[in-house]
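Residues per chain are reported as follows:
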Amino acid sequence: MEAKVRVARYDPDGNRDHHFDEYTVQLAENAMVLDALIDIRENVDETLSVRCSCRSAICGSCAMRVNGKATLVCNTPMSRVAPNGEQITVEPMGNMPVLKDLVVDLEVFWNKVKAITPWIQPEGPKPEREYIVADEHMQNLINTVQCILCGACVSDCTVLEVDPSFMGPAALAKAYRFAADPRDGHKQERLELYSQASGMWDCTHCFQCVEVCPKGVAPMDWILELRREAEAAGLKDHNGVRHSESLAHSVKESGWLDEAKLAMDSYGKFSDKLKLVPVGVRTILKGKMPKTGPFHHKRPGAEHVTRIFEELEGKHS
Amino acid sequence: MKYAFYPGCVAKGGAPELYDSTLAVAAAIGLELVELTGAACTGAGVLSERNPELADTLNARTLAMAEKEGLPLMNICSTCHGVFSQANARLKKDPEYRARVNQHLAPEGLQYSGTTEVKHMLWVLMEDVGPEKLKSLVTNPLGDLKAAPFYGCYIVRPSWVLGYDIKPERKHYLEDLIAILGAEPVEYQGATKCCGFPILTMNRTNSLTMTGTHVSEATEKGADCMVTPCPLCHLNLDGGQVEAAGVVKKHLALPVLHLPQMVGLALGIPRDKLGLRKNLVDTGPVLEKVLGVNR
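Residues numbered from 1 in each chain as written. Chains lettered and ligands numbered in written order. Predicted model: local features only at pLDDT ≥ 70, side-chain atom pairs only at ≥ 80, totals over all residues.

## Some remarks on the overall build of chain A
Part 1 of the argument: Helix and strand counts for chain A come out as 16 helices and 7 strands.
Part 2 of the argument: Per-residue burial for chain A yields a buried fraction of 40% across its 317 residues.
Part 3 of the argument: Residue pairs at least 24 apart in sequence account for 65% of intrachain contacts in chain A once pairs closer than 6 positions are excluded. (Helix = DSSP H or I, 4+ residues; strand = E, 2+ residues; numbered from the N terminus. Buried ≥ 20, exposed ≤ 12 C-beta atoms within 10 Å, placed from the backbone. Contact = placed C-beta atoms within 7 Å.)

So this is what it looks like as structure tokens:
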């Protein structure tokens, strides 16, 4: 097949700024995007820098963006991203500085992982042999253990785009893996650490990390699990917890959201509640009035919603 | 075309203009809507975060109400759409789980057997009404209006839950619709990113930076307005635009239309029925460009 590839180029020692070069190469029908890049480097332009190793989606070296979406290029078939022979665009991962062409500096990524204390810290007397844990206590860790630390989720994280201090999806998924490990003796301290600013409560639920993870880790799911663990551990003095509790209370009592109350309840500090005043005034001046009138009321059948809450609250599958 | 209609909380609360414009557009196109007045909030992803089975049960209840009517479920919120789609996928896939959930619906005489099709109004317009009929209904082409699409996360990700693998064209429905209505879609990076609304109370600066970045990028690319199928995104993009401008330190004044407001303009629906005066950022410039009048 003929593969048309537009490649982001950058050489810190060169004369040109960031730019794109276009290549056309002939490949086997079942070729991966990495095959195209290696063919370009070996046969067309030896100055192209590409990082790769295992070519089997195990080592995590070759994450980069194809048509704007982070992926492992070694298991991304050309036929999937260019089914009709279209030109594809390959760029380095986002949210990390580019060293050269498609190679990024992963130091930022590793520093985030290191910051969550990514090793088990047991407490109490050491067993004579290995630590034994029941199979069911490890089942919920399987996904996070499958992370190959490729950085794809960090590349496309929408929070990191605006706030480089965010712990990020890879580190927070790893954080869950250790906080939930029955062999670890520091769960409470871990949850306190991960609840701090730039931690679990800064995730937006945007699903980017779920979408791009090449190993099905779904980091966002584990960030949300961390939130449940934090709340269960009594770490409730956070706007995220207040928001979640207020929303649940509103739906339980009336069947639907009391938006104004939710906004007020979510802020813990009075000074923060005052930040709602300008938008509240603008809303009133524009004549926005809920379709149901100024006061929140119960929806028809709300008693069944309340009953379902009572039957299932506290139950977590 | 008849649908069980799920308006969601915001269209009945903080964004009444979305509810009004939806009904006006539905009437103009001939969509018959049976509103599920007793349906609960989807939980907007927050309830799923607290208690997945509880959220799925409440959403199964709504899916069962639509099933009882024998109708597909039409919603008008990207977030509600995503939450319903995810719950529906889990309930359809696992009969044992569905049976467990159904135990909680039985006292109300409801049962969900997994047949309800969930469709956002955007999908209804593009798949059920179809581009040809829509084109034929456009009496007031939007001329040289440049509109920046803003999808909302839950209607684009996870793509496999939303059927993008089967219908890849869903990736560009909003751009396609903008073109059908006679306007020009603006290409910019923010279209499928997060508006920031979910963390507005958790990290206001990050939230408003996201909003400010997308609005300013769309403005720099020449957009006259944004259009979104998500009222939660609208709360930040429109409602929070003044504050976002302060955070990103830029002048921002980009009107943000709800999806049916833009469709309604092209269909020649009187602007008062579309609630365009209720958007917090002045929609006057859009009206001036489309209709040649400000108010």
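There is more to say after this.
## Some points on the domain arrangement of chain B
Residue and element names in this part refer to chain B.
Part 1 of the argument: For chain B, the assigned domains read domain 1 (2-120) and domain 2 (131-289).
Part 2 of the argument: For domain 1 and domain 2, the distance between their C-alpha centroids amounts to 23 Å.
Part 3 of the argument: Across the contact, 26 residues belong to domain 1 and 26 residues belong to domain 2.
Part 4 of the argument: For the side of domain 1 that touches domain 2, the secondary-structure elements that each account for two or more residues are helix 1 (16-29) and helix 4 (78-93).
Part 5 of the argument: It is helix 1 that contributes the most residues to the side of domain 1 that touches domain 2, 10 residues altogether.
Part 6 of the argument: Considering only residue class, the side of domain 1 that touches domain 2 consists of 13 nonpolar, 11 polar and 2 charged. (Domains from an automatic or database assignment. Nonpolar A, V, L, I, M, F, W, Y, C, P; charged D, E, K, R; others polar.)

## Re the pairing of strand 5 (residues 87-91) of chain A
Residues and elements named next belong to chain A.
Part 1 of the argument: As judged from the 4 bridges shared by strand 1 (residues 2-9) and strand 5, these two strands associate in the parallel manner. Along strand 5, the bridge assignment pairs Arg6 with Thr89.
Part 2 of the argument: In this sheet, strand 5 lies alongside strand 3 (residues 63-66) in antiparallel orientation, the contact comprising 2 bridges. Residue pairing in the sheet places Arg65 in a bridge with Glu91 of strand 5. (Pairing = 2+ DSSP bridges.)

## Focus: the interface of chain B and chain A
Part 1 of the argument: Taken together, the 47 residues of chain B in the interface contact 53 residues of chain A.
Part 2 of the argument: When contributions to the side of chain B that touches chain A are tallied by element, the ones reaching two or more residues are helix 1, helix 2 (46-50), helix 3 (52-69) and helix 9 (204-220) of chain B.
Part 3 of the argument: If one sorts the elements of the side of chain B that touches chain A by residue count, helix 3 of chain B sits on top with 5 residues.
Part 4 of the argument: Of the residues belonging to the side of chain B that touches chain A, the class tally is 20 nonpolar, 18 polar and 9 charged.

## A few points about the nonpolar core
Part 1 of the argument: Residues Val73(A), Leu172(A), Leu226(A), Ala4(B), Ala147(B), Met226(B) and Val227(B) are the most contacted members of the largest nonpolar core, which totals 185 residues.
Part 2 of the argument: Residue contacts for Val227(B): discarding those within four places in its chain leaves Ala147(B), Pro149(B), Phe150(B), Leu174(B), Ile178(B), Leu257(B), Leu259(B) and Met262(B). (Core = buried A, V, L, I, M, F, W, Y, C linked by C-beta atoms within 7 Å.)

## Section: the confidence of the model for chain B
Part 1 of the argument: Mean pLDDT for chain B: 96, with 99% of residues reaching 70 or above.
Part 2 of the argument: Model confidence for the complex is summarised by a pTM of 0.95, with the ipTM given as 0.94. (pLDDT = per-residue confidence, 0-100.)

## Section: the packing of helix 9 of chain B against helix 11 (residues 241-248) of chain B
Residues and elements named next belong to chain B.
Part 1 of the argument: Viewed as axis vectors pointing N to C, helix 9 and helix 11 meet at an angle of 95°, and their least axial separation amounts to 8 Å. In this view, helix 9 runs roughly perpendicular relative to helix 11, as classed from their interaxial angle. Contacts from Thr205, Leu208, Thr209, Thr211, Gly212, Thr213, Val215 and Ser216 of helix 9 reach helix 11 at Gln241, Glu243, Ala244, Ala245, Val247 and Val248. (Axes fitted to C-alpha atoms, helices over the stretch in contact; angles between N-to-C directions. Parallel < 35°, antiparallel > 145°, perpendicular 65-115°, else oblique.)

## Some thoughts on the domain arrangement of chain A
Part 1 of the argument: As assigned here, chain A comprises domain 1 (2-104), domain 2 (107-232) and domain 3 (239-312).
Part 2 of the argument: Here the C-alpha centroids of domain 2 of chain A and domain 3 of chain A sit 31 Å apart.

## A few points about the sheet that holds strand 7 (residues 225-228) of chain B
Residues and elements named next belong to chain B.
Part 1 of the argument: Taken in spatial order, the 4 strands line up as 6-5-7-8 in an open sheet, and their pairing is parallel. What marks the edges here is a single partner per strand, and that holds for strand 6 (184-185) and strand 8 (256-258).
Part 2 of the argument: Pairing between strand 7 and strand 8: 3 bridges, direction parallel. Residue pairing for strand 8: Val227 is matched across the bridge by Leu257.
Part 3 of the argument: Against the sheet, helix 8 (residues 173-180) engages strand 5 (146-149), strand 6 and strand 7, with an angle of about 165° to strand 5.
Part 4 of the argument: In this fold helix 12 (residues 259-266) packs onto strand 5, strand 7 and strand 8, with an angle of close to 85° to the strand it touches most, strand 8.

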